[in-house]
Amino acid sequence: MGFLDTILGRSKPVRPDLDQLFAVPGAAITLQAGAGFTPTGVGAVCFASVEGGAFARIQQDVRDLLDADTGRGGVPVEFSRDAYGYTWLVVRQPADDTASLVNDLHAVNTLLEEGGFGPQLLCSLIAFREATGSRPLALVYLYKRGTFYPFAPLPGAVEKRDNALELQARALLTDDLRVEADLARWFPVWGAPGLGT
């Protein structure tokens, strides 16, 4: 950061720290013990799609890597596009294997980043559900900030959030994850995979 940046109040962007994702299995235990939410085994990476052969090759590399175990009973990855035009790569693992889910999400982010598509990465999420099965919750990792935040859509409501649950989850997770301090950056991810309400 230069002298003019300091005078003009510019800050250096935070470098992504994908290794933060490896803290999620511990956070999952905290969420289960403190709030009764368990992982669903669904995770996703959201990115802005770009056209071109290089990006198509990266997508195929991701699919080849993560679909390698489908012959042994693994679930193939899925690509979907949301109403806002963003692409979601959905990964599924057994609900009790959060570590494998996180490894898959880390691999996807790493392949896209190393392929030069880091600027297209938006977020990754890991889905949870209340033990009674009624309320969804996601831990959202903001790629460009290197932080997490909870997102809890209200079941049955159209684009409404359970703010009390999000704040409760934040309080529980401050020792486990680097939680995003700026609440204005807790963007809703309506229609995200694994959060069907």
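Above this note sits the structure.
What comes next is a walk through the structure.

Calculation rules
- Residues numbered from 1 in each chain as written.
- Predicted model: local features only at pLDDT ≥ 70, side-chain atom pairs only at ≥ 80, totals over all residues.
- Heavy atoms only, no water.
- Salt bridge = Lys/Arg side-chain N within 4 Å of Asp/Glu carboxyl O.
- Helix = DSSP H or I, 4+ residues; strand = E, 2+ residues; numbered from the N terminus.
- Buried < 20%, exposed > 50% of the residue type's maximum accessible area, 1.4 Å probe, protein only.
- Polar contact = N/O pair within 3.5 Å; in protein donor to acceptor, adjacent residues only side chain to side chain.
- Contact = heavy atoms within 4.5 Å.
- Phe/Tyr/Trp six-rings, centres within 6.5 Å; stacked < 30°, edge-to-face > 60°.
- Pairing = 2+ DSSP bridges.
- Axes fitted to C-alpha atoms, helices over the stretch in contact; angles between N-to-C directions.
- Parallel < 35°, antiparallel > 145°, perpendicular 65-115°, else oblique.
- Left-handed = near helix turned anticlockwise from the far one by under 90°.
- Nonpolar A, V, L, I, M, F, W, Y, C, P; charged D, E, K, R; others polar.

## A short note on the pattern of salt bridges
- For the coordinates displayed, the defined rule picks out six salt bridges.
- Put simply, Arg-135 and Asp-162 hold a salt bridge, and the shortest N to O gap is 3.2 Å. Here Arg-135, found in the loop between strand 4 (121-130) and strand 5 (136-142), pairs with Asp-162, found in the loop between strand 6 (147-151) and helix 5 (163-173); they are 27 residues apart in sequence, far enough to count as distant.
- The exposure class assigned to Asp-162 is buried, which follows from its relative accessible area of 15%.
- Residues Arg-161 and Glu-166 are paired through a salt bridge, measuring 3.0 Å at the closest nitrogen-oxygen approach.
- Among the charged side chains, a network of salt bridges with common partners joins Glu-130, Arg-135 and Asp-162.

## A word on the side chain of Glu-130
- On the secondary structure map, Glu-130 appears in strand 4.
- A polar side-chain atom of Glu-130 sits 3.0 Å from a polar atom in the side chain of Ser-134.
- If we ignore the near neighbours within four places in the chain, the residues touching Glu-130 are Gly-36, Phe-37 and Arg-135.

## Examining the packing of aromatic side chains
- Under the definition given, this model contains three aromatic pairs.
- A centroid spacing of 6.0 Å and a plane angle of 20° characterise the contact between Tyr-149 and Trp-186, whose relative ring orientation is stacked. On the criterion of sequence distance, the pair formed by Tyr-149 in strand 6 and Trp-186 in the segment after helix 5 is long-range, its members being 37 residues apart. Grouping residues by exposure puts Tyr-149 and Trp-186 together as buried.

## Considering the sheet that holds strand 1 (residues 37-48)
- Taken together, the six strands give an open sheet; going across it, the order is 2-3-1-4-5-6, and neighbouring strands pair in antiparallel fashion. A single partner strand is all that each edge strand has here, and the edge strands are strand 2 (78-81) and strand 6. Recorded for the sheet is a direction-independent mean angle of 25° between the axes of neighbouring strands.
- Two elements, strand 5 and strand 6, share five bridges in a ladder whose sense is antiparallel. The residue of strand 6 that forms the bridge with Leu-139 is Pro-150.
- Relative to strand 1, helix 4 (residues 98-117) is tilted by about 10°, and along the sheet it contacts strand 1, strand 3 (86-92) and strand 4.

## Some details on the environment of Gly-146
- Its place among the elements puts Gly-146 in the loop between strand 5 and strand 6.
- Taking the relative accessible area as the measure of exposure, Gly-146 reaches 0% and is therefore buried.
- Linking Gly-146 and Glu-180, residues 34 residues apart in sequence, is a C-alpha distance of 8.4 Å.
- Those residues in contact with Gly-146 that sit more than four places away from it in its chain are Gln-20, Tyr-141 and Arg-178.

## Remarks on the packing of helix 2 (residues 24-35) against helix 5
- Contact geometry for helix 2 and helix 5: axes closest at 10 Å, N-to-C directions at 120°. Classified by the interaxial angle, the pair formed by helix 2 and helix 5 is oblique. Like other packed secondary-structure pairs, helix 2 and helix 5 cross with a definite hand, here right-handed. Touching Ala-27, Thr-30, Leu-31, Gly-34 and Ala-35 of helix 2 are Gln-168, Ala-169, Leu-172 and Leu-173, all from helix 5.
- Partitioning the contact of helix 2 with helix 5 into residue classes produces six nonpolar, three polar and no charged.

Honestly, that's just the spatial picture; any functional story needs more than this.
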